[in-house]
Amino acid sequence: MTNPILSVGNVHHRYEQQPVLEDINFEVEEGSFVGLVGPNGSGKTTLIKLLLGVEKLQRGQITAFGQPIQKFKNKGRISYVSQKANSFGRGFPATVKEVVSMGIINNRNPLLPNQKNNLELVKDALKQVNMEQYLNRNIGDLSGGQQQRVFIARAIVNKPKLLILDEPTVGVDSQNVEQFYQLLAKLNQELGITLVLVSHDIGAITTYVTDLLCLNRSIHYHGNPNDFENMSDEQRSKLYGHNINTITHNH
Ligand code: ADP
């Protein structure tokens, strides 16, 4: 039995007269780890904005948790990490605890039993990303990779069902990128958070994702990442709609 968290049907989108998305159809199953890849300008950000309901749907349908996106009340179920998240400069006057606290949606009733206080929620989230020892440190004093973990903590502090990440490894040192993907895989497998990871680097993510979606205005491939990897470069280039000889096999 399939259980889609997101369902996208016949979506088209244009800016002025320029079509940027054409006939987009796919579902995101609960528990999956979806890699959304495509070259620059292929419509990835536009699609994410439509999924988040921040760009108005022009044509087609999107449902989140069974509700049309236009009527969907998020209540912390969908969380988002942008690529520009990890850009706090040195000396930025906020601690890790404060940054993660900003993510808390206070729609819980403190009088109910078993409600955790905010500090406990922050500590829980930091523990999931192995950053609990940095609770009182200034965010600006951390490396790009550490900051990105803190932003993941902020995004999961409300225990979302779906986490959407837009190019989250921008600003993360190359030696820490692999570790970062391992962390995402852990959040997916151990906490059951469904993930949509936007990337332009197919080679780096195929090991981790359960579903690969190749976008270049329309969807050129949607399926198992291993089947995609096992194709010839020529087949892949055709599907991807542009030349990709940059697939790496370094893991
Ligand atoms: P990606 O995230 O894959 O780089 P985008 O969705 O950002 O792709 O962009 C797809 C196309 O739409 C690009 O040609 C871009 O220049 C254009 N575009 C994106 N946002 C806007 C906008 N707000 N107004 C007009 N054109 C836009």
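Here is what the cut-offs are and how they apply
- Residues numbered from 1 in each chain as written.
- Predicted model: local features only at pLDDT ≥ 70, side-chain atom pairs only at ≥ 80, totals over all residues.
- Heavy atoms only, no water.
- Helix = DSSP H or I, 4+ residues; strand = E, 2+ residues; numbered from the N terminus.
- Buried < 20%, exposed > 50% of the residue type's maximum accessible area, 1.4 Å probe, protein only.
- Contact = heavy atoms within 4.5 Å.
- Areas by Shrake-Rupley, 256 points an atom, 1.4 Å probe, with all protein chains shown as cover.
- pLDDT = per-residue confidence, 0-100.
- Pairing = 2+ DSSP bridges.
- Expected span 1.5 Å × (residues − 1).
- Phe/Tyr/Trp six-rings, centres within 6.5 Å; stacked < 30°, edge-to-face > 60°.
- Lys NZ or Arg CZ within 6 Å of the ring centre and 35° of its normal.
- Axes fitted to C-alpha atoms, helices over the stretch in contact; angles between N-to-C directions.

## Topic: the overall build of the protein chain
Counting its regular elements, the protein chain contains eight helices and 10 strands. Here the protein chain, with 251 residues, has 45% of them falling under the buried criterion. Here the contacts in the protein chain between residues at least 6 apart in sequence split such that 65% fall between residues at least 24 apart. Put simply, the protein chain shows about 12900 Å² of open surface, and 46% of that area lies on carbon and sulfur atoms.

## Quick look at the confidence of the model for the protein chain
Any segment with low pLDDT has predicted coordinates that should not be analysed in fine detail. This prediction gives the protein chain a mean pLDDT of 87; 86% of its residues lie at or above 70. In this model, residues 243–251 is a region of pLDDT below 50 whose contacts with residues beyond four sequence positions or in other chains number 20 contacts.

## Overview of the sheet that holds strand β1 (residues 4–15)
Pairing is antiparallel in the open sheet, where four strands are placed in the order β2-β1-β4-β5. Of all the strands in the sheet, just β2 (18–29) and β5 (67–68) have a single pairing partner and so form its edges.

## Side note on helix α4 (residues 144–156)
Over its 13 residues, α4 runs 19 Å from end to end, which matches the ideal 18 Å to within 8%, given 1.5 Å per residue. Counted residue by residue, α4 has 10 buried out of 13 residues, so it is predominantly covered. For α4, the full list of buried residues reads Gly145, Gln147, Gln148, Arg149, Val150, Phe151, Ile152, Ala153, Ala155 and Ile156.

## Let's talk about the packing of aromatic side chains
In this structure the tally under the stated criterion is four aromatic pairs. Here the aromatic rings of Phe65 and Phe72 are separated by 5.8 Å at their centres, their planes lie at 10°, and the arrangement is stacked. Above the ring of Phe65, the side-chain terminus of Arg77 is found at 4.9 Å from the ring centroid.

## A short note on the pairing of strand β10 (residues 218–223)
Relative to β10, strand β9 (residues 211–216) runs antiparallel, the two being bridged by five bridges. Counted as the bridge partner of Leu213 is His222 from β10. Count of turn residues in the β9/β10 antiparallel hairpin: one residue, of which Arg217 carries a positive phi of about 70°.

## Quick notes on the sheet that holds β9
The six strands are arranged β6-β7-β8-β3-β9-β10 in an open sheet whose pairing can be described as mixed. Looking at which strands have only one partner, the edges of the open sheet turn out to be β6 (78–81) and β10. Strand-to-strand twist of the sheet, defined as the mean angle between neighbouring strand axes without regard to direction, takes the value 15°. As judged from the four bridges shared by strand β3 (residues 33–37) and β9, these two strands associate in the parallel manner. Paired with Val37 across the bridge in β9 is Cys214. Contacts from α4 reach β6 and β7 (162–166) within the one sheet, and its direction differs from that of β6 by about 165°. Along the sheet, helix α5 (residues 174–190) makes contact with β3, β7 and β8 (194–199), crossing β8 at roughly 155°.

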